[in-house]
Amino acid sequence: MQIDGLSSRRAQARALFAGLLLSLPLAGQSQETIPVTDAGQGIPDDYYRAELVILERRIEPAAVNEFMSTQTVEPTPETESTLQAIAQDGTVETTLELAPTSELSLNSAAQRLVNSGRYRVLVNAGWYQAFPPDYEGEPLKVAVGDWLERAGIREIEGTITIDRQRYLHVDVHLNHWQYDESATTPDMTALSTGEAGVSSGETAMASEEAPAAANANAAIGTGAQGEAEDGIQMTEQGNIQPGFTGAPLELLTWIRETRRMRSEEIHFLDSPTIGVLVFFKKIEATE
């Protein structure tokens, strides 16, 4: 659901991107080649360098003219492939063999966005891979941005999937979360002392259930799956909240878009607070 003003804000953001990227010298404007090895083994057919830049727009949440908190959000699917996921301690995980950023055509674009002061670049990654016709890619996990301590997740999470039919397609499913400050949590101190209108019987029940909740929380932390998989539960309103771990969350914005890609061109997928730049470079072999 949108209200007046959102489209103009997004148009301004896209105009800024156009200005930043218009004069960008892309490696895609000249053909890149890889020599065939002495053993006669070249590169695969339909070989590309895939590049992704994920960024966050510097904007106060209150300035976002989009009401997403009531949207129903399906849990992010489990996947064994990771683009970039940052753990609580700052450890960065990826399952891809990433290319040096100096080789990336979008590296200059990412730097321009940082220099503009309006965006924070969260991911600037590229890798080499064959994408033959009818290729069905596995979703790439994304978990970046600030760590929401009371919820136990990163503020921006989801998946990006690359497929190829006749053309390359990129499917972006990213969620941008914030604390639901309107939600209330039980006063555990009052529960433990029988205050705040809680009867002694209810207090006793809460005390008996506390160890069970602690055990459930420990199970989640060791990879238990089920209703509270990854420590997240759905609410009737469509928000999600961490199972037994703290404050509930609400959706700030999301990206739900599948885009057909043309190689050698920069594509931009966005929401009011997050955006994704995508670029594919076809790599040819030479004798």
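That block above? That's the structure.
These figures come from a predicted structure and were not determined experimentally. (Residues numbered from 1 in each chain as written. Predicted model: local features only at pLDDT ≥ 70, side-chain atom pairs only at ≥ 80, totals over all residues. Heavy atoms only, no water.)

Asks: Is there a simple way to explain the nonpolar core in this structure?
Replies: It is characteristic of soluble globular proteins that their nonpolar side chains tend to be buried jointly. In terms of nonpolar packing, the biggest core is built from 29 residues, with Leu83, Trp127, Ile160, Val276 and Phe280 touching the most fellow members. Those elements that provide at least two residues to this core are strand 2 (47-57), strand 3 (81-86), strand 5 (119-130), strand 7 (140-148), strand 8 (153-164), strand 9 (168-179), strand 12 (249-261) and strand 14 (274-286). The residues touching Trp127, leaving out its near neighbours within four places in the chain, are Tyr48, Arg49, Ala50, Leu52, Leu83, Leu96, Glu97, Leu98, Ala99, Leu140 and Ile162. Grouped together as the second largest cluster of nonpolar side chains are 10 residues, Val53, Ala109, Ala110 and Phe279 included. (Core = buried A, V, L, I, M, F, W, Y, C linked by side-chain atoms within 4.5 Å. Buried < 20%, exposed > 50% of the residue type's maximum accessible area, 1.4 Å probe, protein only. Helix = DSSP H or I, 4+ residues; strand = E, 2+ residues; numbered from the N terminus. Contact = heavy atoms within 4.5 Å.)

Asks: Which parts of the structure should I look at to understand the packing of aromatic side chains?
Replies: Any aromatic ring pair is given by two values, namely how distant the centres are and how the planes are angled relative to each other. On inspection of all chains with the given rule, the structure shows 5 aromatic pairs. When the centroid spacing of 6.2 Å and the interplanar angle of 20° are considered together, the rings of Tyr47 and Tyr128 count as stacked. A residue pair is termed long-range when its members are at least 10 positions apart, and Tyr47 in strand 2 and Tyr128 in strand 5 qualify at 81 residues. Among the residues examined, Tyr47 registers a relative accessible area of 16% and is labelled buried. Accessibility expressed as a relative area gives 28% for Tyr128, which makes it partly exposed. On the numbers, 6.1 Å between centres and 55° between planes, the contact of Tyr48 with Phe131 is tilted. Of this pair, Tyr48 sits in strand 2 while Phe131 is found in the loop between strand 5 and strand 6 (135-136), placing the two residues 83 residues apart along the sequence. Residue classification places Tyr48 among the buried positions, given a relative accessible area of 7%. Judged by relative accessible area, which is 1%, Phe131 ranks as buried. Taken together, the ring pairs connect Tyr48, Phe131, Tyr135 and Phe280 into an aromatic cluster. The ring of Tyr179 has Arg150 sitting right over it, with the charged end atom 3.8 Å from the ring centre. (Phe/Tyr/Trp six-rings, centres within 6.5 Å; stacked < 30°, edge-to-face > 60°. Lys NZ or Arg CZ within 6 Å of the ring centre and 35° of its normal.)

Asks: Sorry if this is basic, but what is going on with the pattern of salt bridges here?
Replies: Pairing is possible between side chains that carry opposite charge, provided their charged atoms lie close to one another. The tally for this structure, following the rule as stated, stands at 8 salt bridges. Lys281 is the partner of Glu264 in a salt bridge, and the nearest nitrogen-oxygen pair spans 3.0 Å. Taken together, the residues Glu264 in the loop between strand 12 and strand 13 (267-270) and Lys281 in strand 14 connect sequence positions 17 residues apart. With a relative accessible area of 2%, Lys281 lands in the buried category. Within this structure, Glu56, Arg120, Asp146 and Glu155 form a network of salt bridges that share partners. (Salt bridge = Lys/Arg side-chain N within 4 Å of Asp/Glu carboxyl O.)

Limitation: the analysis is restricted to geometry and does not speak to function.
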